[in-house]
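# Results of the structural survey
Chain by chain, the residues run as shown.
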Amino acid sequence: QVQLVESGGGLVQAGGSLRLACAVSRRSISSINAMGWYRQAPGKQREMVATITSGARTNYADSVKGRFTISRDAFKNTVDLQMNSLKPEDTAVYYCNAEVYGNPNWGQGTQVTVSS
């Protein structure tokens, strides 16, 4: 019912910035209880990066606090992740998630590679 498409990934040098966008279709982000960005590096489990609720409450992993910012754009119907001061450890596939009626929905992911 909810479709998610991530974009904005790419190759960037350490210290650089990227902005990821999660385009949401078939449902307004205002009606989705919670959305977030997750990432998975090779050989590691998927981990939460940042989440945002319908009430605009945000939560961040300790490893990205002060560097990443999650936000919602009601007009574009997207959930964005601004990533600054990127580190090689941030290299991973980044996935968008939407929780609808307690059920998770996932996008296909976008690759972020940070070189040293």
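What counts, and at which threshold
Residues numbered from 1 in each chain as written. Predicted model: local features only at pLDDT ≥ 70, side-chain atom pairs only at ≥ 80, totals over all residues. Heavy atoms only, no water. Helix = DSSP H or I, 4+ residues; strand = E, 2+ residues; numbered from the N terminus. Rg over C-alpha atoms; globule rule 2.2 N^0.38 Å. Buried < 20%, exposed > 50% of the residue type's maximum accessible area, 1.4 Å probe, protein only. Contact = heavy atoms within 4.5 Å.

### Remarks on the overall build of the protein
Along its length, the protein carries zero helices and 11 strands. Along its sequence from the N terminus, the protein presents helices and strands in the succession β-β-β-β-β-β-β-β-β-β-β. Over its C-alpha trace the protein gives a radius of gyration of 13 Å, about what one expects of a compact globule, namely 13 Å for 116 residues. Taking the principal axes of its C-alpha atoms as reference, the protein extends roughly 40 × 25 × 25 Å.

### Observations regarding unusual backbone geometry
Residues other than glycine predominantly adopt negative phi, and peptide bonds predominantly adopt the trans conformation. For A56, which is not a glycine, the phi torsion comes out positive at approximately 70°. Structurally, A56 is set in the loop between strand 5 (47-53) and strand 6 (58-60). For A56, a relative accessible area of 43% gives the class partly exposed. For N77, which is not a glycine, the phi torsion comes out positive at approximately 60°. Inspection of the secondary structure puts N77 in the loop between strand 7 (68-73) and strand 8 (78-83). Classification of N77 by relative accessible area gives buried; the value is 16%.

### As for the environment of F68
Here F68 lies in strand 7. Excluding anything up to four places from it in sequence, F68 contacts R39, V49, Y60, L81, Q82, M83, N84, L86, D90 and Y94.

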